[in-house]
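Structural overview
Now for the letters of each chain:
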Amino acid sequence: MPDGKTKTNQTVPNWKSSGEEEKKMRTLTKIASAAMVSIAMVTGTVAFAQDITIAVVPKVAVPFFDDCNTGAQEAATALGVKYQWVVPQNTQGATQVKIVEDLISRNVSGIAISVNEPKSVEGIIKQAMDAGIKVVTFDSDSANSGRSLYIGTINKQAGVTMGNSMAEALGGKGKIAIVTGQLGASNLNERIDGVKEALAAFPDIEIVATEGTEDDLAKAVSVTEALLRGNPDLSGIFGMSQVGGPAVAKVLAQKEFADRKGVIKVFAFDDLPDTIQGVKDGYINGIMVQRPVTMGRLAVESLVAQIKGEAGELADIDTGVTVVNADNIGDYTK
């Protein structure tokens with residue numbers, strides 16, 4: 001038994017310490033809850049992104065749109081959304097209408113389309129928008145379709161730049177021809193309007209022909225050959241679509257037209273390898289280089305932002321052009 005001097009060991013509750021521990025536990029619980037909410041939000045965002053499907057529809061299978069595809073696919077991968085590249089087999093408006101109809105039936109989230117025939121797709125784009133699908137146009141517009149915005153070159157201004165370049169190269173006089181692609185393509189017609197606006201200041205420059213090629217290289221070659229044979233005094237050629245430059249360079253390289261090299265001034269659109277080579281070889285004076293990779297990237301980014309409700313105020317986006325010639329062909333950027 002303990003004597004009177006001996007103290008018994010007793011446990012005395014530390015109420016202050018216990019209260020601090022309780023506060024700590026409440027704080028940790030709050031932190032854990034907040035973390036769980038954050039994880040859930042991130043997981044939800046990822047899951048939402050994975051549920052988004054973006055379809056991109058070019059005019060037709062040509063190298064220019066390969067660059068658009070590159071930019072669009074990179075953006076889709078970066079944003080974690082599903083991506084479809086749907087290429088028409090021809091440049092007829094009805095073909096794009098059928099493609100969009102199919103995309104509507106498959107409930108895609110967004111569509112970016114480079115329009116072949118603006119009028120023909122107005123109804124189907126409105127139908128897609130009414131179904132809750134976001135739609136933007138790129139490269140070639142359908143302004144009355146109800147699409148949310150256009151991304152690409154402001155083509156009339158690019159045409160003005162092209163026309164002034166030709167006028168300078170010709171010294172303000174001469175006969176010229178226009179080799180275009182699809183005759184109903186709004187982007188090409190806007191470029192032609194810009195060229196005509198610029199050339200209006202030069203009364204001694206005459207446009208003697210405007211020929212369509214359906215954006216087919218073989219047809220563009222035949223058209224160019226016919227123009228040169230029918231107009232021996234031709235001073236210049238505009239290549240309004242991407243096949244124009246390669247076609248003219250190919251024709252001028254033929255023995256039949258060898259004496260026209262350097263005499264005929266040539267301005268074209270887009271930096272296809274054959275067009276670039278045409279500049280290097282002296283067949284083409286200048287190229288209006290667009291920014292197709294940027295067009296594709298911005299189209300996908302805009303659609304995803306719209307779908308997520310993060311787009312803000314929408315407005316058309318001008319991706320601009322660079323005039324490329326023998327002096328800067330090695331150091332321009334898209």
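Further up the page is the structure itself.
Numbering of residues starts from 1 in every chain and runs along the sequence as written. Predicted model: local features are reported for residues with pLDDT of at least 70 only, side-chain atom pairs are reported and counted for 80 or more only, and whole-chain, interface and lining totals are derived from all residues. Water and hydrogen atoms play no part in the side-chain values, which are based on all heavy atoms of the structure.

With that settled, the discussion passes to the pattern of salt bridges. Salt-bridge detection follows one rule: a side-chain nitrogen of Lys or Arg within 4 Å of a carboxyl oxygen of Asp or Glu. Under the criterion given, the structure shown has eight salt bridges. A salt bridge links Arg-147 to Asp-316, with the shortest nitrogen-to-oxygen separation between them at 3.6 Å. Of this pair, Arg-147 sits in the loop between strand E4 (134-138) and strand E5 (150-152) while Asp-316 is found in the loop between helix H10 (292-308) and strand E11 (317-318), placing the two residues 169 residues apart along the sequence. Close ionic contact of Lys-156 with Glu-197 constitutes a salt bridge, the shortest N to O distance being 3.1 Å. Separated by 41 residues along the polypeptide, Lys-156 in helix H5 (residues 155-170) and Glu-197 in helix H6 (residues 186-199) bring together distant segments of the chain. Buried residues are those whose accessible area, probed at 1.4 Å on protein chains only, stays under 20% of the maximum for their type, while exposed residues exceed 50% and partly exposed ones sit between those limits. Using a relative accessible area of 41% as the deciding quantity, one classes Lys-156 as partly exposed. One continuous salt-bridge network, built from bridges that share partners, spans Asp-141, Arg-147 and Asp-316. In DSSP terms, a helix is any run of H or I states spanning at least four residues, a strand is any run of E spanning at least two, and both are numbered starting from the N terminus.

This paragraph deals with the pairing of E4. Here is the key point about a regular strand: its side chains alternate between the two faces of the sheet. Taken across its five residues, E4 has four buried, putting it largely inside the fold. Strand direction decides the pairing type here: strand E3 (residues 110-113) and E4, joined by four bridges, are parallel. Residue pairing across strands places Ile-111 opposite Val-135, the latter belonging to E4. The definition of a right-handed crossover adopted here requires that, viewed with the strands pointing away, the path from the first strand over the helix to the second runs clockwise. After leaving E3, the chain enters helix H4 (residues 122-130) and then returns to the sheet as E4, a path that is right-handed. Strands are treated as partners if at least two bridges between them are detected by DSSP.

The subject of this paragraph is helix H2 (residues 63-79). Here H2 spans 25 Å end to end across 17 residues, near enough to the 24 Å set by a 1.5 Å rise per residue. Turning to H2, its buried residues number three or more, namely Phe-64, Phe-65, Cys-68, Asn-69, Gly-71, Ala-72, Ala-75 and Ala-76. Two residues qualify as a contact provided that any one of their heavy atoms is within 4.5 Å of a heavy atom in the partner residue. In this structure, the buried side of H2 is in contact with strand E1 (53-57), strand E2 (82-85), E4 and H10. Where H2 ends, the next residue or the one after it, Gly-80, has phi of about 75 degrees, a positive value. Expected helix span is computed as 1.5 Å times (number of residues minus one).

Across the sheet, six strands lie side by side as E2-E1-E3-E4-E5-E11; this open sheet has parallel pairing. Edge strands, defined here as strands with exactly one partner in the open sheet, are E2 and E11. Of the strand pairs in this sheet, E1 and E3 are connected by four bridges, and their pairing is parallel. Across the sheet, the residue bridging to Val-56 is Ala-112, located in E3. In the packing of H10 onto the sheet, the strands contacted are E1, E2, E3, E4, E5 and E11, and the crossing angle to E4 comes to about 160 degrees. Convention adopted: a line fitted to C-alpha atoms gives each axis, helices being fitted over their contacting stretch, and angles between N-to-C directions are expressed from 0 to 180 degrees.

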